[in-house]
Amino acid sequence: FYLARAERAKDAAARAEALTQLAEVMEDELKDPAGAARMYAEIVSLTGDRAALKEQVRLLSLRGNPSLVRRALDEAVQGARTPRARATAPLARPP
């Protein structure tokens, strides 16, 4: 349902909202943190949303593979649309 809604969305904000809801369902109800991380990655790619990046990094860090986190942060920096977004993306590192 959420994926179909995201695909039909006309603008990035509506698509990101549907993908966020899908990510939450994947993590909480389906117990699929890897799938949820992919949805958050799509949101980051689409909008550069820092909250989505933090969620993506949190979920990837649970997998215990620092290279996944590093790659997500690198992709966020490279895909950032503004200098500020490029500067703040690395701050999403896990605690």
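Residues numbered from 1 in each chain as written. Predicted model: local features only at pLDDT ≥ 70, side-chain atom pairs only at ≥ 80, totals over all residues. Heavy atoms only, no water.

1. A short note on the side chain of Glu 27
Relative to the assigned elements, Glu 27 resides in helix H2 (residues 12-28). Side-chain polar atoms of Glu 27 contact the side chain of Arg 58, separated by 2.9 Å. (Helix = DSSP H or I, 4+ residues; strand = E, 2+ residues; numbered from the N terminus. Polar contact = N/O pair within 3.5 Å; in protein donor to acceptor, adjacent residues only side chain to side chain.)

2. Re the pattern of salt bridges
Evaluation of the coordinates by the stated rule reveals three salt bridges. Ionic pairing is found between Glu 27 and Arg 58, a salt bridge with its closest N-O pair at 2.9 Å. Pair noted here: Glu 27 is in helix H2 and Arg 58 is in helix H4 (residues 50-61), with a separation of 31 residues, a long-range link. Judged by relative accessible area, which is 30%, Arg 58 ranks as partly exposed. A salt bridge links Glu 55 to Arg 58; the shortest N-O distance between them is 2.6 Å. Of this pair, Glu 55 and Arg 58 both sit in helix H4, three residues apart, roughly one helical turn. Glu 55 sits in the partly exposed class, given a relative accessible area of 26%. (Salt bridge = Lys/Arg side-chain N within 4 Å of Asp/Glu carboxyl O. Buried < 20%, exposed > 50% of the residue type's maximum accessible area, 1.4 Å probe, protein only.)

3. Points about the environment of Ala 18
Position of Ala 18 among the secondary structure elements: in helix H2. Take Ala 18: its relative accessible area is 0%, and that puts it in the buried class. Put simply, Ala 18 and Ile 43 are 25 residues apart on the chain and 9.6 Å apart in space, counted from C-alpha to C-alpha. If we skip the residues at most four places from it in the chain, Ala 18 touches Tyr 2, Arg 5 and Ala 6. (Contact = heavy atoms within 4.5 Å.)

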